[in-house]
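Residue-level structure breakdown
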Amino acid sequence: MPVSHPPDTDTLIQAFIETYKTSSEATPVELVRQYHEVTKYTAKNPNKGSTAVASALNLPRSRIRSWVDGDGRPDAVRGMQKAQRNGWFNLDWDSPTLQTLNVLVAWIFSGGSINDNWVPALTVTDETRSVATEALDRIGTGSVAFREADDGRATELRPATDASVLGRLLYALGAPKGVKSSETPLSLPLYLLNGPEHLRLAFARTYVINRGTKRPDRPQSPVQIAEERDTEFQQEIRTFIQSVTNGQAVHGDAPSWRLSAAAAYQLDQPPDIPDGSTDDTDR
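Heads up: these notes are all about the structure in this document. Remember, it's a predicted structure, so these values are computed and weren't measured experimentally. (Residues numbered from 1 in each chain as written. Predicted model: local features only at pLDDT ≥ 70, side-chain atom pairs only at ≥ 80, totals over all residues. Heavy atoms only, no water.)

Counting along an α-helix, one turn takes 3.6 residues, and residues three or four places apart therefore face a common direction. Burial analysis of helix α8 (residues 163-172) places 8 of its 10 residues in the buried class, which makes it a mostly covered element. Inspection of α8 places A163, V165, L166, G167, R168, L169, L170 and A172 among the buried residues, and these make up the whole buried set. At the C-terminal side of α8, G174 shows a positive phi close to 120°. (Buried < 20%, exposed > 50% of the residue type's maximum accessible area, 1.4 Å probe, protein only. Helix = DSSP H or I, 4+ residues; strand = E, 2+ residues; numbered from the N terminus.)

Below, the structure written as structure tokens:
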């Protein structure tokens, strides 16, 4: 379930953990809790092996053997540790990290995707590439380009490190996973409902620079948005854009609509991506 209040660290971490699957009878959340119980117990009883620990905590030895006798841990714990090192869970409404994550979430909606392996990809043009590169640099992953030499397909930027961890976090924040089409139910992230205006504006600007087509011969409606999305989402994104622009006119009906000159002036520009998106003290 996507989070509605990213600064609520516990809820954000739980949503992140729930993106994992497990072959165990225990859920990913239960495995993480059990792992922490085991590590807490072994810290106090360092000479006990997995058999004794399993008996003391009433847990299957087969589940915890690698945790106690080796360097094993649940996949969700490994992901959490990487995200924590990157400072991705330490969010507040004004933090540079959340502002950058918000741009990346908006990019997944408007010009990107998260694949089945949880790897996010940002589709870029010559005009938007520097914005996507900056966002991935600021979040701490860097970027790798794909399909640059393919004339028939757009270039994609993907995280150079911790790609699936970032993809899971973006999903926990409300980014969609998989293919987006007119048959795909979509809804904007819940945090935009109560989030501050600077996050809403950055999301809208990211959406417009990716989905908008400039119309220099139409000065009264200079940007057009045309996309195949389900009807409810088309209405939702239009209403959102309207709210961000303080009621500036949005013309036309789904699936093609146009921004007024005033709305385009406000939105047809790159979002702000602040310095210091990751906190080096958390690494």
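The strand order across the open sheet built from 4 strands is β1-β2-β4-β3, with neighbouring strands paired in antiparallel fashion. A strand with exactly one partner marks an edge of an open sheet, and here the two such strands are β1 (112-114) and β3 (143-146). The average undirected angle you get between the axes of adjacent strands in this sheet is 25°. Of the pairings in the sheet, the one linking β1 to strand β2 (residues 120-124) comprises 3 bridges and is antiparallel in character. (Pairing = 2+ DSSP bridges. Axes fitted to C-alpha atoms, helices over the stretch in contact; angles between N-to-C directions.)

This part takes up the packing of aromatic side chains. One pass over the structure, following the stated rule, counts 7 aromatic pairs. Ring centres of F16 and Y20 lie 5.7 Å apart, and the angle between their planes is 70°; this geometry places the pair in the edge-to-face category. Y20 gets classed as buried once you look at its relative accessible area, which sits at 10%. Taking the centre distance of 5.1 Å and the plane angle of 80° together, the rings of W118 and Y171 count as edge-to-face. (Phe/Tyr/Trp six-rings, centres within 6.5 Å; stacked < 30°, edge-to-face > 60°.)

Time to look at the environment of S221. Secondary-structure assignment places S221 in the loop between β5 (212-214) and β6 (223-226). For S221, a relative accessible area of 11% translates into the label buried. Along the primary structure S221 and V124 are separated by 97 residues, whereas in three dimensions their C-alpha atoms are 24 Å apart. Each residue touching S221, except ones within four places of it in the same chain, is listed here: R215, H251, R258, L259 and S260. Here the side chain of S221 touches R215 through a polar contact of 2.7 Å, side chain to side chain. (Contact = heavy atoms within 4.5 Å. Polar contact = N/O pair within 3.5 Å; in protein donor to acceptor, adjacent residues only side chain to side chain.)

Moving on, we get to the nonpolar core. A general tendency of soluble globular proteins is for nonpolar side chains to be buried together. Judged by nonpolar contacts, the single largest core of 77 residues is most densely connected at L170, F203, F240, I241 and L259. The leading source of residues in this core is helix α6 (residues 96-111), at 9 residues. With sequence-adjacent residues up to four places away left out, I241 is seen in contact with A204, V208, V250, W257, L259 and L267. (Core = buried A, V, L, I, M, F, W, Y, C linked by side-chain atoms within 4.5 Å.)

Function-wise, these values are silent; they only describe arrangement.
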